[in-house]
Amino acid sequence: MTHTKSPLTGIRVLDMSRILAGPWVGQLLADLGAEVIKIERPGKGDDTRAWGPPFVKDRDGNDTSDAAYFMCANRGKKSLTLDIAQPEGQQIIRELAQVSDILLENYKVGDLKRYGLDYESLSKLNPKLIYCSITGFGQTGPYRDRAGYDYLVQGMGGIMSMTGEREDRPGGGPQRVGVAIADLMTGMYSTVGILAAVHERTTSGLGQYIDMALLDTQVAWLANQNANYLIGGQVPQCIGNEHPNVMPYQTFRTRDGNMIIATGNDGQYQRLCEAAGIPEAATEPRFATNALRIASRAECTAILAEALKKKTTAEWIKLLETVGVPCGPINRLDDVYRDPQVQHRGLKIEVPHPKAGTVPLAANPIKFSRTPITYDMPPPLVGEHVEDVLRVVLGKSDAEIAALREKKIL
């Protein structure tokens, strides 16, 4: 199947963001076919280029200046180094904003206004511009001037209060999620908001401002836990690997390790009991329904735990899959990338890289039928596309570019 265009072909993004939440948006848009121009500090680039080890190794096996962290969120972009503290750098941003569809930024509230690069200023030059600001706490409210970091927001936004082993167990207490989930989810919500604004622009002809906050996002995506509290008045607690609303839906020890059992209805629970050789637990009145099992969680868990110690994880998975009980292993990342399903779905990709030859990255999970995602551009070297952007996008001459370099604007 051939294709000539990606879903966002013809869309240009000016990515003035750093670290993770904003760059995640830019990478998603780049994967979908947008031209993404990443603005970086001359000489240093995005802070995460130095967030290592590990660092990308060149063809000779030596560390480059780019950390793996940077590589995870910046493929498909063009790097333009620019000192926006200088008037000449600010002018280039204005020129780029006039020929862009979307601008991403995650500066502190009011920082870009000092340079005349805020939405109000740039929208006068380009009324069609969609301008997305990402901050820790948003553009309004008592915390608007605070710096916001993922870890802090995980704590403030509730997720840590319900993540971790029970307080009365060894190692119990709040735990952060193993990746910067507040950043990543803010990136996802921001992408949705931007694409909605792009669609709305087709009828209004106008861009708009999008105010995104890590704290807002963290609170918003708590899903059933939000509803448990808002509707049921239940304040979620740390309950380890158990589920607050479904049982059994948790981890269990096996003869050689651990596994997950995730029953979603009473029939699956009954088949689990029969397969585990404890049919009496399937007919026990205290465990007859999910609500009753929640009420008798400790007793039901103890019976299941004793039975599940008798076989290995692999043996249980083979047996339970045959009777339609959802279950699975707890894989490390080396196990993940060896998994035949993961390999079949192509979740590891190799992207060409000017120094390393190729770099391995995780694929975008979106599978289009007509316009599949391609990975033609690796995460850029610092300032790799200065000439390309200034000449092709803005029509700058060699003399103009040389003058900008002489003044250390680039």
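For the structure itself, consult the block above.
Read on for a plain summary of the structure. Counting starts from 1 at the beginning of each chain's written sequence and moves along it residue by residue. Per-residue local features are limited, in this predicted model, to residues with pLDDT of at least 70; the limit for side-chain atom pairs, both in listing and counting, is 80 or more; totals at the level of whole chains, interfaces and linings are taken over all residues. Derived side-chain values reflect all non-hydrogen atoms in the structure, with water molecules and hydrogen atoms excluded from consideration.

## Thoughts on the environment of Arg114
At step 1: Strands here are runs of E lasting at least two residues and helices are runs of H or I lasting at least four, both read from the DSSP assignment and numbered beginning at the N terminus. Mapped onto the elements, Arg114 comes out in the loop between β6 (102-105) and α4 (119-125).
At step 2: Burial classification: accessible surface area is computed with a 1.4 Å probe over protein chains only, and a residue below 20% of its type maximum counts as buried, one above 50% as exposed, and the rest as partly exposed. The exposed category is assigned to Arg114, whose relative accessible area is 58%.
At step 3: The sequence separation of Arg114 and Ala85 amounts to 29 residues, and the corresponding C-alpha distance is 9.5 Å.

## Here's the deal with the environment of Leu125
At step 1: Checked against the element boundaries, Leu125 lands in helix α4.
At step 2: With a relative accessible area of 39%, Leu125 lands in the partly exposed category.
At step 3: As for Leu125 and Glu95, which are separated by 30 residues in sequence, their C-alpha atoms are 8.8 Å apart.
At step 4: Contacts are assigned to residue pairs that have any heavy atoms within 4.5 Å of one another. Once residues within four sequence positions are removed from consideration, Leu125 is found in contact with Arg94 and Gln98.

## Details of helix α12 (residues 297-308)
At step 1: The span you would expect from a helix comes to 1.5 Å times its residue count less one. Helix length check: α12 (12 residues) gives 16 Å between terminal C-alpha atoms against 16 Å at 1.5 Å per residue, within 8%.
At step 2: What α12 keeps buried is the set Arg297, Cys300, Thr301, Leu304, Ala307 and Leu308. Taken down its axis, α12 places every buried residue within 130° of arc, on the same side.
At step 3: Looking at the packing, one finds that the buried side of α12 touches β9 (249-253), β10 (258-262), α9 (266-275), α11 (290-295) and α13 (313-322). The arc in question is the one spanned by the directions pointing from the helix axis to the C-beta atoms.

## Let's talk about the side chain of Gln139
At step 1: By secondary structure assignment, the location of Gln139 is in the loop between β7 (130-135) and α5 (150-156).
At step 2: By relative accessible area, Gln139 is classed as buried at 18%.
At step 3: Residues in contact with Gln139, not counting those within four places in the same chain, are Val109, Ser133, Arg144, Tyr209 and Asp211.

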